[in-house]
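Listed below, chain by chain, are the residues.
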Amino acid sequence: MLSLTKELGIQKKEKPLLNSMYQVGHNRADFSQSVNSRKKRQLMDWFKNRPELNSPVTARVNDTIRDVDFYKTDGKPLGPTQYKRAQNFWNENFMNERLKSIWAESIVTGEGFGWKGKLNKKQIMKTVNQTITELSKSLSINLKETKEIMLKKIMDEEVRRTRVFDYVASSTMEVNHNERDILGYVQNVNAKIQQYSTEEIIHFKFTDIDGRISGFSPIESLAPELILIWFIKENMMAYMRNNGVPKKVFILEEEIANSPNHQFLIQQLEDFGAVENRHGNLVLTGKVNVQDLEEKLKDMEYEQLALYVTSNIAYALQIPVSRIPYMIGKAQSGGDAGGLAESGYWSMIEADQKKIENLLNSQMLEEMGFIVKFKKTHKIDDIRETQAMSMKADAITKIQGILHSSGKKLTNHKIINMMDMNEDDLTDLTPEEKAMTDPRNKLMNQNLLNNQELMRGDQKAKKSERSKTAALNNPKGMAQDGTGQ
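Values in this document were obtained by computation on a predicted structure and should not be read as measured data.

A word on the overall build of the protein chain. Within the protein chain, the regular secondary structure consists of 16 helices and 10 strands. By residue count, 29% of the 485 residues in the protein chain fall in the buried class. Contacts spanning at least 24 positions in sequence make up 70% of the contacts within the protein chain whose residues lie at least 6 apart. Working note: accessible area of the protein chain is about 32,500 Å², and carbon and sulfur atoms make up 54% of it.

See the structure below:
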């Protein structure tokens, strides 16, 4: 018998190797995980102590984790009972807050962990035994048969159902694996070890690259910037605490050491070291020679450097300046003139949402009978898509008119392709619907944005609308400070 696999030179291979070191013969990874844990703790320390980092991370998390809609596993709307059950699970487990915690740690450390709490078989059997015992006291029933029926039904319904969802601190988690597969997860808190199976944990990776077990975060590449921020602040704090290096030398040319005038001057200078005593007057007797040792500190000496570092952090996280209100200078005033960076940002947010949806739905919610989808808050892409479809429909109508003059028309297959639809999206009209259909729509294109407004995006459109309102309210452009000038 001819083997196509052999003849074509295709060899059966095992799964690709994981790009992470581990120690053969041990139940958990050794070297790589300990290094990974230290790295994650360092990243979390930076996140908690650098507002320049935690502010853009928090902004991105809040933009990603939004309210959700609930659907059946096939995408159809849920019935009232199913919808209430899904909503109760979501609210009782504080899913929005849990997901924000997980996604924040995913951005900072590269990976987040969600824990699924379920009833195990031992707990279910204990409950069934207690129920059967209570029923047997008041009813004449076959205990063995009833127990088997109850166990079978409850096992089918309850073992797969997640009761509790929570997050596990990423900096305490390690992935147990061999050279090809993830075997489980290990949590280490104060030398106390907790083992988790792959069925209990949902592993969220921010970016899955280089075949790594743990995800990659762009914050790993920001170590120089985050260290530089610490140096800038510590330098300025040391300057304020110590008043810098000695700024002046006071030379008492006619005094000896520890004379009354010498002691008095030392005491006065020590008093002036306190912030509340600075900028006072100093009265001395005798000949005093004062020399400067240091130039005056420039106002906001590190302003541009701090701004550059903060901009670099935002750049690494792909956050446009319009989402960072505290940015000042050229970066804020001159950036994103066309709104393209903002549009790309929201497309990235939508991609992150789909990643989270897929993990939650495939690893937890589908087996509970429903799925979720995040609600969109950035509507400009939907507007563009709707406008593009309307323009396509208008173009098809014009093409059909041109073809009719020569006795031709577009095929249904061509029209469906031009509208970017599938055959499954279509159904036949009923006679009543046909009677109500009017192909001459007088309202076509009435609600479309012009091309300039379409490209500007939400923020630019809102700014333009505010300018128009201000012009209407103050047509003469008079000052609004009460001077009338």
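Two numbers describe how helix 3 (residues 51-64) lies on helix 5 (residues 95-109): the axes approach to 10 Å, and their chain directions differ by 135°. Comparing their axes, helix 5 and helix 3 come out oblique. You can see that helix 3 and helix 5 cross each other, and the crossing is right-handed. Across the interface between the two elements, Val57, Arg60, Val61, Asn62 and Thr64 from helix 3 touch Lys100, Trp103, Ala104, Ile107 and Val108 from helix 5. Tallied by class, residues from the contact of helix 3 with helix 5 come to 6 nonpolar, 2 polar and 2 charged.

For the structure shown, the criterion picks out 7 aromatic pairs. Note on Trp103 and Phe206: the rings are 5.7 Å apart at their centroids and 50° apart in plane angle, and the pair reads as tilted. Of the two residues, Trp103 is situated in helix 5 and Phe206 in the loop between strand 7 (201-205) and helix 8 (223-242); the sequence distance between them amounts to 103 residues. Its relative accessible area of 1% is what places Trp103 among the buried residues.

Counting 49 residues, the largest nonpolar core has Ile219 and Leu360 as its most contacted members. Looking at which element gives the most residues to this core, the answer is helix 12 (residues 340-365), with 9 residues. Membership of the second largest hydrophobic core comes to 8 residues, among which are Phe113, Val175, Tyr185 and Ile201.

It is worth spelling out the confidence of the model for the protein chain at this point. Low pLDDT marks regions whose predicted coordinates should not be analysed in detail. In this model, the protein chain carries a mean pLDDT of 75, and residues with pLDDT of at least 70 account for 66%. Within the protein chain, no element has a lower average pLDDT than helix 11 (residues 330-334), which sits at 49, and none a higher one than helix 5, at 94. Low pLDDT, under 50, characterises residues 25-32; the predicted model gives this stretch 15 contacts beyond four residues in sequence or across chains. Counted against residues more than four places away or in other chains, residues 480-485, with its pLDDT under 50, gives 4 contacts.

Another point: a nonpolar patch on the surface. Side chains of Ile227, Leu228, Trp230, Phe231, Leu305 and Tyr308 sit close together on the surface and give an oily, nonpolar patch of about 560 Å² of accessible area. Of all the secondary structure elements, the ones that give two or more residues to the nonpolar patch are helix 8 and helix 10 (303-316). Tracing the sequence through the fold places Ile227 in helix 8.

Let us now look at helix 4 (residues 80-92). In this model, helix 4 (13 residues) spans 18 Å end to end at C-alpha, consistent with the 18 Å of a helix rising 1.5 Å per residue. For helix 4, every residue scored as buried is listed here: Ala86, Phe89 and Trp90. Each buried residue of helix 4 sits inside an arc of 100° when the element is viewed along its axis, so together they form one side. In helix 4, the exposed positions that point more than 90 degrees away from the buried face belong to Pro80, Thr81, Lys84 and Glu92. One or two positions beyond helix 4, positive phi appears at Phe94, with a value near 50°.

Reading the values: the criteria
- Residues numbered from 1 in each chain as written.
- Predicted model: local features only at pLDDT ≥ 70, side-chain atom pairs only at ≥ 80, totals over all residues.
- Heavy atoms only, no water.
- Helix = DSSP H or I, 4+ residues; strand = E, 2+ residues; numbered from the N terminus.
- Buried < 20%, exposed > 50% of the residue type's maximum accessible area, 1.4 Å probe, protein only.
- Contact = heavy atoms within 4.5 Å.
- Areas by Shrake-Rupley, 256 points an atom, 1.4 Å probe, with all protein chains shown as cover.
- Axes fitted to C-alpha atoms, helices over the stretch in contact; angles between N-to-C directions.
- Parallel < 35°, antiparallel > 145°, perpendicular 65-115°, else oblique.
- Left-handed = near helix turned anticlockwise from the far one by under 90°.
- Nonpolar A, V, L, I, M, F, W, Y, C, P; charged D, E, K, R; others polar.
- Phe/Tyr/Trp six-rings, centres within 6.5 Å; stacked < 30°, edge-to-face > 60°.
- Core = buried A, V, L, I, M, F, W, Y, C linked by side-chain atoms within 4.5 Å.
- pLDDT = per-residue confidence, 0-100.
- Patch = residues over 30% accessible without salt bridge, like charges linked within 9 Å, V, L, I, M, F, W, Y side chains within 5 Å.
- Salt bridge = Lys/Arg side-chain N within 4 Å of Asp/Glu carboxyl O.
- Expected span 1.5 Å × (residues − 1).
- Arc of directions from axis to C-beta.

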